[in-house]
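What the coordinates show
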Amino acid sequence: MNFQLSEEHIMIRDAARDFAKAELLPGVIERDENQTFPHEQIKKMGEMGFMGMMVAPEYGGGGMDTISYVLAIEEISKIDASAGVAMSANNSLVCWGLEKYGTEAQKQKYLKPLASGEVLGAFCLSEPEAGSDATSQKTTAIDKGDYYELNGVKNWITNGGNASIYLVIAQTDVSKAHKGINVFIVEKDTPGFKIGKKENKLGIRGSDTHSLLFTDVKVPKENRIGDDGFGFRFAMETLSGGRIGIAAQALGISGGAYELSLQYSKERKAFGKEISKHQAIAFKLADMATEIEAGRFLCMKAAWEKDQGLNYDLSSSMAKLYCADTCMKITTEAVQIHGGYGFVKEYHVERMMRDAKITQIYEGTSEIQKIVISRAVLKD
Ligand code: CAA
């Protein structure tokens, strides 16, 4: 067993770290305050190969492994978790499934611009009444001969307003329950497709979250991915990989909060010495460091299993559960360490605490991860 990163991995991590400090840190507080999407920065991330990291170079991607992806998402999210989720959704939720299950024509037309960062993608599963219970899709896609007609509403869609290509999960045959679900590629300018309300969020306010409305949207037959009825499995497989990205995002937010706390506690004096010299603070830092290290091992194990072609459903859920829950704890402690300064925006940690919360919710709440994990451990 080797716990060392390769030279290539270190290079990718450092490139992401340098980029985040130089390009994402300036303005991160204002983007959060004003809910501004980091357009310029995401464009540059595309040029650096970060928007389709694991896609084969022949389809415009970086041809990198999942370990590289985890390292990059972690570094980006340390500084700006909103940029982290835009990147994660494009890579894991859109490019991955298109590359694995798309036809050659779909890959040429849609994957290439997505993986090269020319355009953004969005994954549309959640609905007003189908969040955790993903089988209860209400959006319908009726077979009309040479096209499908989509009707329904999707909610809380990451990259919803800025994407050009949408993977939309819809029910084609209610009588077949989850086996009657399909996934379709929908282009932004398709008549009947409307971008709805932008959400005013607690955290990741720089990321762009919208509801989407479909009214008699005609989707060509060739835009369905996979065989008829494949959509639910497609969504579940996609989310398994997505959870590695969100675990890495949570790890990044935790790491950002920890590094700021470490630095602050060595500078701030109280009761005659630096606060890091008080055990009350030193022990908090020890817990944070340990939890981040444990989270990284879980995350890397899931990434490694994916790269080896092994099943990673269990490890990705464990990584996501642990990294998200500890992220909430670590960022809350970071605010506590910073005291009054932690409660104001200039010190970044209050934003990190708000950003942390979503990691326990999207791509399956912590409770959903426990369903996946408990089913696996209880299986005979
Ligand atoms: N890979 C392949 N197939 C899978 C699978 C996986 N990981 N997980 C389940 N399936 C298959 C099952 O084998 C089963 O198929 P068969 O009937 O053919 O055997 C089918 O899917 C149904 O599985 P279950 O009976 O386990 O389904 P369930 O209704 O009990 O639900 C669940 C399982 C884990 C709770 C699932 O619904 C789930 O993951 N819910 C959470 C959804 C979610 O994460 N939503 C987030 C939205 S996306 C998002 O958040 C993006 C963003 O903003 C960034």
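Here is a short report on the structure shown in this document. Source: prediction; values computed, not measured. (Residues numbered from 1 in each chain as written. Predicted model: local features only at pLDDT ≥ 70, side-chain atom pairs only at ≥ 80, totals over all residues. Heavy atoms only, no water.)

Brief notes about the environment of arginine 354
Here arginine 354 lies in helix α10 (residues 349–359). Each C-alpha atom, one on arginine 354 and one on leucine 202, is 6.1 Å from the other, the two residues being 152 residues apart in sequence. Once residues lying within four places of it in the same chain are set aside, the contact partners of arginine 354 are Asp32, Leu202, Gly203, Arg205 and Lys345. For arginine 354, the side chain forms a polar contact with the main-chain oxygen of leucine 202, separated by 2.8 Å. (Helix = DSSP H or I, 4+ residues; strand = E, 2+ residues; numbered from the N terminus. Contact = heavy atoms within 4.5 Å. Polar contact = N/O pair within 3.5 Å; in protein donor to acceptor, adjacent residues only side chain to side chain.)

Notes on the pairing of strand β7 (residues 209–220)
Bridge analysis of strand β3 (residues 147–158) against β7 gives nine bridges, and the strand direction is antiparallel. Looking at the pairing, glycine 152 lines up with phenylalanine 214 of β7. Bridging between strand β6 (residues 193–198) and β7 involves four bridges; their strand directions are antiparallel. Following the sheet pairing, lysine 194 is matched in β7 by leucine 213. (Pairing = 2+ DSSP bridges.)

Quick look at empty space enclosed by the protein
Tallying each qualifying case throughout the model produces three cavities of 30 Å³ or more. Forming the boundary of the largest cavity are Val28, Arg31, Asp32, Asp80, Ala81, Ser82, Ile204, Arg205, Gly206, Arg351 and Asp355. Listed by contribution, the elements that provide at least two residues to the lining of the largest cavity are α2 (28–34), α5 (81–101) and α10. Among the elements that line the lining of the largest cavity, the one with the most residues is α2, at three residues. Considered class by class, the residues forming the lining of the largest cavity number three nonpolar, two polar and six charged. (1 Å grid on protein atoms, 1.4 Å probe; cavity = no way out; pocket = protein on both sides within 12 Å on 5 of 7 lines; lining within 4 Å. Points joined across faces, edges and corners; volume = space filled by probe spheres on them. Nonpolar A, V, L, I, M, F, W, Y, C, P; charged D, E, K, R; others polar.)

Considering the site of the ligand
As a matter of local geometry, the ligand sits amid 24 residues, with Ser132, Thr158, His178, Glu363 and Arg375 nearest to it. Here serine 132 contributes a backbone N or O atom positioned 2.8 Å from a nitrogen atom of the ligand. Taking threonine 158, its side chain carries an N or O atom lying 2.9 Å from an oxygen atom of the ligand. Its free accessible area being 1,100 Å², the ligand has 72% of it covered by the protein chains. More than half of the atoms belonging to the ligand lie within 2 Å of the grid points that define the largest pocket. Counting only elements with at least two residues in the shell around the ligand, the list comes to β3, α7 (231–267) and α11 (366–378). Looking at which element gives the most residues to the shell around the ligand, the answer is α7, with seven residues. Looking at the shell around the ligand residue by residue, the classes come out as nine nonpolar, eight polar and seven charged. (Near = heavy atom within 4 Å. Areas by Shrake-Rupley, 256 points an atom, 1.4 Å probe, with all protein chains shown as cover. Sits in = over half its atoms within 2 Å of the grid points.)

Observations regarding the pairing of strand β2 (residues 140–143)
The pairing of β2 with β3 spans four bridges and is antiparallel. Each residue of the ladder has a partner; that of alanine 141, found in β3, is leucine 150. Hairpin connection from β2 to β3: three residues lie between these consecutive antiparallel strands, with glycine 145 at a positive phi of about 100°.

Quick notes on the packing of aromatic side chains
For any pair of aromatic rings, the description rests on two quantities: the centre-to-centre distance and the angle between the ring planes. Applying the stated criterion across every chain yields a total of 11 aromatic pairs. Pairing tyrosine 101 with phenylalanine 230 gives two aromatic rings, centres 4.7 Å apart and planes at 65°, and the pair type is edge-to-face. Residue tyrosine 101 is located in helix α5, and its partner phenylalanine 230 is located in the loop between β8 (224–225) and α7; the two are separated by 129 residues in the primary sequence. Residue classification places tyrosine 101 among the partly exposed residues on the basis of a relative accessible area of 22%. Residue phenylalanine 230 is classed as buried on the basis of its relative accessible area, which comes to 12%. Each ring, one from tyrosine 341 and one from tyrosine 347, has its centre 5.0 Å from the other, and the planes form 45°; the classification is tilted. Pairwise contacts between aromatic rings join Trp96, Tyr101, Phe230 and Phe234 into one cluster. (Phe/Tyr/Trp six-rings, centres within 6.5 Å; stacked < 30°, edge-to-face > 60°. Buried < 20%, exposed > 50% of the residue type's maximum accessible area, 1.4 Å probe, protein only.)

Considering the environment of lysine 100
Examined against the element boundaries, lysine 100 turns out to sit in helix α5. Note: C-alpha distance between lysine 100 and glycine 131 (31 residues apart in sequence) is 25 Å.

Structural notes on α11
An ideal rise of 1.5 Å per residue puts 18 Å on 13 residues; α11 measures up with 18 Å between its terminal C-alpha atoms. Every buried residue of α11 is listed here: Ser366, Ile368, Gln369 and Ile373. The arc enclosing the buried residues of α11, seen along the axis, measures out at 165°, which places them on a common side. For α11, exposure combined with an orientation more than 90 degrees from the buried face picks out Glu367, Arg375 and Leu378. Contact partners of the buried residues in α11: α7 and α9 (313–338). (Expected span 1.5 Å × (residues − 1). Arc of directions from axis to C-beta.)

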